[in-house]
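So you can see what is in the structure, the chains are spelled out below.
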Amino acid sequence: MSDVILETQSLTKEFKGFTAVSNVTLSVRRGSIHALIGPNGAGKTTCFNLLTKFLEPTSGLIRFNGQDITREKPAEIARRGVIRSRIGLQRKLGTAFHFWRRERSLRQLAARAMELLTEVGLEDLADELTVNLPYGRKRALEIATTLAMEPELMLLDEPTQGMGHEDVDRVTQLIKKVSAG
């Protein structure tokens, strides 16, 4: 298996004459942490949306595990294991869109949910409503729900945006822990 999990060649996105992303070539190694850094308006989120296929590139190439995914839909690349932050534990049961299921149909997920909460340091807050969580803890919960999809590649868009120093340190350590495991 190749050391490179995700790569792009000359990735470009234009919107009616405005070039938001221009000739981005990158190579992401398996098991590593990478960051897109730049000022507001530099095209970071647009690039992210290209990588996760929420936008189609104007030109260029995207490969995941050596396979060309440039023209695939977001759901297709999610099935490959490229996961952008989203709620995903129910996916394994096939009940993700069955919102009115009886509670007992979801009980089998409780143990895995607690494992994920423990992994991101939220086990003590398992009974707390998400709306009551501090911002940094909400981001940790977002990472836990992304991990529920068992991603091969996890993409987090601005995971520490709007956080204080304590939460930035907590989420940064969490990201390092997750990438190592």
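Residues numbered from 1 in each chain as written. Predicted model: local features only at pLDDT ≥ 70, side-chain atom pairs only at ≥ 80, totals over all residues. Heavy atoms only, no water.

**Brief notes about the confidence of the model for the protein**
Here comes step 1: In this model, the protein carries a mean pLDDT of 81, and residues with pLDDT of at least 70 account for 86%.
Here comes step 2: Low pLDDT (under 50) marks residues 87-100, which in the prediction has 22 contacts with non-local residues, meaning those over four places away or in another chain. (pLDDT = per-residue confidence, 0-100. Contact = heavy atoms within 4.5 Å.)

**What to know about the sheet that holds strand β2 (residues 18-29)**
Here comes step 1: With antiparallel pairing, four strands are arranged side by side in an open sheet as β2-β1-β3-β4. On the outer flanks of this sheet lie β2 and β4 (67-68), each paired with one strand and no other.
Here comes step 2: Along the sheet face, helix α1 (residues 44-51) touches β1 (4-15), β2 and β3 (59-64) and points at about 120° away from the line of β1. (Pairing = 2+ DSSP bridges. Helix = DSSP H or I, 4+ residues; strand = E, 2+ residues; numbered from the N terminus. Axes fitted to C-alpha atoms, helices over the stretch in contact; angles between N-to-C directions.)

**Regarding helix α4 (residues 135-147)**
Each α-helix turn comprises 3.6 residues. Residues three or four places apart therefore point the same way.
Here comes step 1: Relative to the 18 Å expected for 13 residues at 1.5 Å per residue, α4 spans 19 Å between its end C-alpha atoms, a close match to the ideal helical length.
Here comes step 2: What α4 keeps buried is the set Gly136, Arg139, Ala140, Leu141, Ile143, Ala144, Thr145, Thr146 and Leu147. (Expected span 1.5 Å × (residues − 1). Buried < 20%, exposed > 50% of the residue type's maximum accessible area, 1.4 Å probe, protein only.)

**Quick word on the pattern of salt bridges**
Here comes step 1: What the rule picks out here adds up to seven salt bridges.
Here comes step 2: For Arg71, the salt bridge goes to Glu56, with nearest N and O atoms at 3.0 Å. A residue pair is termed long-range when its members are at least 10 positions apart, and Arg71 in the loop between β4 and α2 (74-80) and Glu56 in the loop between α1 and β3 qualify at 15 residues.
Here comes step 3: Take Arg71: its relative accessible area is 52%, and that puts it in the exposed class.
Here comes step 4: The exposure class assigned to Glu56 is partly exposed, which follows from its relative accessible area of 28%.
Here comes step 5: The partner of Arg80 in a salt bridge is Glu72, and the shortest N-O contact between them spans 2.7 Å.
Here comes step 6: On the basis of relative accessible area, Arg80 is assigned to the partly exposed category, the value being 32%.
Here comes step 7: What you see here is one network of salt bridges that share partners, running through Lys53, Glu56 and Arg71. (Salt bridge = Lys/Arg side-chain N within 4 Å of Asp/Glu carboxyl O.)

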